[in-house]
Amino acid sequence: MPVKLAPFYPIVPDIGWLERIVPLGVKLVQLRIKDAARDDVIDQTRRALAVTRAHGCQLVVNDYWDVAIEAGADFIHLGQDDLETADLAALRQAGVRFGVSTHDEAELAKALSVNPDYVALGPIYPTKLKVMPWAPQGLERIKLWRSKIGALPLVAIGGLTPDRADGAVDAGANSLAVITDFVTAEDANARVKEWLAWAAGRQN
Ligand SMILES: Cc1ncc(COP(=O)(O)OP(=O)(O)O)c(N)n1
Ligand SMILES: Cc1nc(C(=O)O)sc1CCOP(=O)(O)O
Ligand SMILES: [Mg+2]
């Protein structure tokens, strides 16, 4: 039975952001810490688990698969590089589900070969967050991915905004992963609430 993902999937760079937005009603959140000492990652992840548990929100840890197991997170998000080092059997044994990034058909084949709990496709639109070698995929690629992965949950990521949200879901995405749109908003809480109102109308 495929997992059900909330339509709005915010990604935050640290525990401060997570503690700020989860109480607003977020039901699925990724903690994506870059450039921090391991002890700090462990500490932030433990705190993230406490906050998400208190608010009925699922926690996705990015990259640090062993920290996800140790903390008891719901999911780990793995890029194609992360797949080389993560112990997938240990994740399964611990009940930590995993999602895998894909950007082209070879990566999709690799992802499907490890039976992920979701597949992410990006960047759908241009993103300012990180330099990527892939051109924006566009909505047609979401449709193609949907036709290739059957009922497996599909996460769309990259340059998503509330204006673009219906298009991505109508094309076949189950959940939209978002960073820049709300992190750089003049009123980030208001923007997250706007996304949550949209998600309430798109609950799948
Ligand atoms: C939902 C989601 N999709 C894609 C990514 C990107 O993962 P990755 O390619 O491993 O890159 P980093 O985020 O680790 O820089 C993601 N984190 N989440
Ligand atoms: C971290 C990341 N990974 C991507 C991928 O395509 O794998 S796109 C991306 C950045 C997405 O963030 P924003 O909402 O800020 O554009
Ligand atoms: Mg990664």
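Residues numbered from 1 in each chain as written. Chains lettered and ligands numbered in written order. Predicted model: local features only at pLDDT ≥ 70, side-chain atom pairs only at ≥ 80, totals over all residues.

## As for the site of ligand 2
Around ligand 2, the surrounding shell holds 16 residues, and the nearest of these are G122, T127, L129, I179 and T180. Its residues assigned to classes, the shell around ligand 2 comprises seven nonpolar, seven polar and two charged. (Near = placed C-beta within 6 Å. Nonpolar A, V, L, I, M, F, W, Y, C, P; charged D, E, K, R; others polar.)

## Overview of the pairing of strand β4 (residues 75–78)
Side chains F75 and H77 of β4 all project onto a buried face; the interleaved residues I76 and L78 project onto the opposite face, where all are buried too. Bridge count between strand β3 (residues 58–62) and β4: three bridges; the pairing is parallel. Bridge assignment links V61 to a residue of β4, and that residue is I76. In this view, the connection linking β3 to its parallel neighbour β4 by way of helix α3 (residues 65–71) has right-handed handedness. (Buried ≥ 20, exposed ≤ 12 C-beta atoms within 10 Å, placed from the backbone. Helix = DSSP H or I, 4+ residues; strand = E, 2+ residues; numbered from the N terminus. Pairing = 2+ DSSP bridges. Right-handed = clockwise from strand over helix to strand, strands pointing away.)

## Examining the site of ligand 1
The environment of ligand 1 is made up of 14 residues, and the closest members are G79, S101, A120, I157 and A177. A per-class count over the shell around ligand 1 returns five nonpolar, six polar and three charged.

## Comments concerning the UniProt feature "binding site: Mg(2+)" (unreviewed entry) in the protein chain
Feature annotation in UniProt places "binding site: Mg(2+)" (unreviewed entry) on D63 and D82, given in this structure's numbering. Taken along the chain, the residues just named run across 20 residues; in space they keep tight, none of their C-alpha pairs more than 6.4 Å apart. Inspection of the secondary structure assignment puts D63 in the loop between β3 and α3. Within the fold, D82 resides in helix α4 (residues 80–85). Residue D82 is classed as partly exposed on the basis of its 17 C-beta neighbours within 10 Å. (UniProt positions renumbered as here; feature names shortened; annotations may be inferred.)

## So, the environment of N189
If you trace the backbone, N189 turns up in helix α10 (residues 188–202). By C-beta crowding, N189 is classed as partly exposed, having 13 other C-beta atoms within 10 Å. Along the sequence, N189 and I21 sit 168 residues apart, while their C-alpha atoms lie 6.8 Å from each other.

## Structural notes on the sheet that holds strand β2 (residues 28–31)
Ordered by their spatial adjacency, eight strands build a closed barrel running β1-β2-β3-β4-β5-β6-β7-β8, and the pairing between neighbours is parallel. Taking each pair of neighbouring strands and ignoring which way they run, the sheet shows an average axis angle of 25 degrees. Sheet strands in contact with helix α2 (residues 38–54) are β2 and β3, and its direction is about 160 degrees off that of β3. (Axes fitted to C-alpha atoms, helices over the stretch in contact; angles between N-to-C directions. Contact = placed C-beta atoms within 7 Å.)

## Topic: unusual backbone geometry
For the bond running from G122 to P123, omega is -15 degrees, close enough to zero to count as cis. In this fold, P123 is placed in the loop between β6 (118–121) and α7 (138–149). Positive phi values are uncommon outside glycine, yet D35 reaches one of about 60 degrees. Topologically, D35 is positioned in the loop between β2 and α2. D35 sits in the exposed class, given 6 other C-beta atoms within 10 Å. Not every positive phi belongs to a glycine, and D63 is a case in point at roughly 70 degrees.

## A look at the nonpolar core
One finds I76, V155, A156 and L176 to be the most contacted residues of the largest nonpolar core, which totals 60 residues. A156 has contacts with L121, G122, I124, I142, A168, A173 and L176, leaving out every residue within four places of it along the chain. (Core = buried A, V, L, I, M, F, W, Y, C linked by C-beta atoms within 7 Å.)

## Things to note about the environment of V131
As for its position among the elements, V131 is in the loop between β6 and α7. In this structure, the C-alpha to C-alpha distance between V131 and V67, residues 64 residues apart in sequence, is 26 Å.

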